[in-house]
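Architecture and fold: a report
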Amino acid sequence: MSRPPDRLTSLFHSGDALRSRSVSDVVLWGRLDLPVPPARLVADWEREVAARLELEPGDVEPLPLARARARWPALRHCVQAMSDWTRTLGLSEVLAASEVALMACRGARYHHDGEHYGGAAFCNLFVSEDKGLDLHFPVAGHRIPLARGTAVVFDTGQPHAVIRRQGSGFDPADFAPGQDCTQVFLTWELPIEDPHVGRTLRVDFDTDPAAALGIDQEQVLLNGERAVVCPESGRWRRPA
């Protein structure tokens, strides 16, 4: 007898209560035509990463967005390009109504964000050049090369990582000091309950109302039990 497929459930805050939903395996991506960031701004990002953020392999941290806007007036064209692209996906004006942040990562260990952002989908736009890295979704089965203009929308409950293009998993040695492997990207949190977002990602709501009543923290359940992600392989596992 074949084993039934795993059942993933995201429990997320909806108003004052938790609500249940499915975890989407839909990953939407494309390549947008973006202006090149000014060399002065790229150098500023590199100093910020090295001196203040001190990114270790796998770290993801915010960068000052106001400074980027002041030094890169064409940044608004990146935002507009992303807004136009998401509109073609059926997301209407959701992105325009969402706040944007600027982030930097030195690779990223496999993880999901359903314990803090279960009520959202992530929408990322990469502005760095191709450095031989991929955004990998091991469970959903997607591997996306990262370069300037790579745009992606995905469920926060879906395991993902930023790894070397030739790699099969996350290895800190791939992001050792002295290697040019930092990626900078814009990110938006799109409300998963927005009908355009839920429909585009094919999310089903109220899939396990009993579980939502019995738990008080956002999390992802695997076949009814809290699940975590192996940071090296991206496979689901139960907490130790």
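Remember, predicted model here, so these are calculated numbers, not experimental data. (Residues numbered from 1 in each chain as written. Predicted model: local features only at pLDDT ≥ 70, side-chain atom pairs only at ≥ 80, totals over all residues. Heavy atoms only, no water.)

1. With respect to empty space enclosed by the protein
Here the structure, examined in full by the defined rule, presents one cavity of 30 Å³ or more. Here the largest cavity defines a volume of roughly 30 Å³. Lining the largest cavity are L41, D44, W45, E48, L63, P64, R67 and A68. Put simply, the parts of the chain that give the lining of the largest cavity at least two residues each are α1 (39–53) and α2 (65–71). Here the lining of the largest cavity gets four residues from one element, more than from any other, and that element is α1. (1 Å grid on protein atoms, 1.4 Å probe; cavity = no way out; pocket = protein on both sides within 12 Å on 5 of 7 lines; lining within 4 Å. Points joined across faces, edges and corners; volume = space filled by probe spheres on them. Helix = DSSP H or I, 4+ residues; strand = E, 2+ residues; numbered from the N terminus.)

2. Brief notes about the pairing of strand β13 (residues 219–222)
Residue alternation in β13 divides its side chains into two sets, Q219 and L221 and V220 and L222, and both sets are buried. Judged from the four bridges that link them, strand β1 (residues 8–14) and β13 form a sheet pairing that is antiparallel. Looking at β13, one finds that L8 is bridged to L222. Pairing geometry for β13 and strand β14 (residues 225–226), over two bridges, is antiparallel. (Buried < 20%, exposed > 50% of the residue type's maximum accessible area, 1.4 Å probe, protein only. Pairing = 2+ DSSP bridges.)

3. Some details on α1
Residue pairs three or four apart in sequence face the same way in an α-helix, which turns once every 3.6 residues. Between its terminal C-alpha atoms α1 stretches 20 Å, which fits the 21 Å expected from 15 residues at 1.5 Å a residue. Within α1, burial applies to L41, D44, W45, E48, V49 and L53. In the core, the buried residues of α1 are packed alongside β4 (60–63), α2, β5 (100–105) and β12 (183–191). (Expected span 1.5 Å × (residues − 1). Contact = heavy atoms within 4.5 Å.)

4. Describing the pattern of salt bridges
What the rule picks out here adds up to 17 salt bridges. Among the ionic pairs, E193 bridges to R19, the shortest N-O distance being 2.8 Å. Placement of the pair is E193 in the loop between β12 and α4 (195–200) and R19 in strand β2 (residues 17–22), with a sequence separation of 174 residues. Overall, E193 belongs to the partly exposed group, its relative accessible area being 35%. A residue is classified by how much of its surface remains accessible, and R19, at 26% relative accessible area, is partly exposed. Note that R67 is salt-bridged to D44, the shortest N-O span being 3.3 Å. Here the residue R67 occupies a position in helix α2, and D44 occupies one in helix α1, the gap between them amounting to 23 residues. Residue D44 is classed as buried on the basis of its relative accessible area, which comes to 9%. Bridged by salt links that share partners, the residues D44, R47, E48, R52, R67 and R71 form one connected network. (Salt bridge = Lys/Arg side-chain N within 4 Å of Asp/Glu carboxyl O.)

5. Looking at the nonpolar core
Counting residues in each nonpolar core, the largest one holds 40 residues, and the members touching the most others are W45, M82, L125, L186, W188, L190 and L201. Put simply, the parts of the chain that give this core at least two residues each are α1, α2, α3 (75–88), β5, β7 (120–126), β10 (150–155) and β12. For this core, the element with the highest residue contribution is α3, accounting for five residues. Aside from chain neighbours lying at most four places away, what touches W45 is P37, L63, A68, W72, L102, V127 and V184. Counting residues in each nonpolar core, the second largest holds 28 residues, with V23, M103, F137 and V152 among its members. (Core = buried A, V, L, I, M, F, W, Y, C linked by side-chain atoms within 4.5 Å.)

6. Observations regarding the environment of I144
Turning to its location among the elements, I144 is positioned in strand β9 (residues 142–145). Once the C-alpha coordinates of I144 and R165 are considered, the two residues, 21 residues apart in sequence, prove to be 9.2 Å apart. In this structure I144 touches V27, W29, L133, D134, L135, F137, T150 and V152, once residues within four positions along its chain are discounted.

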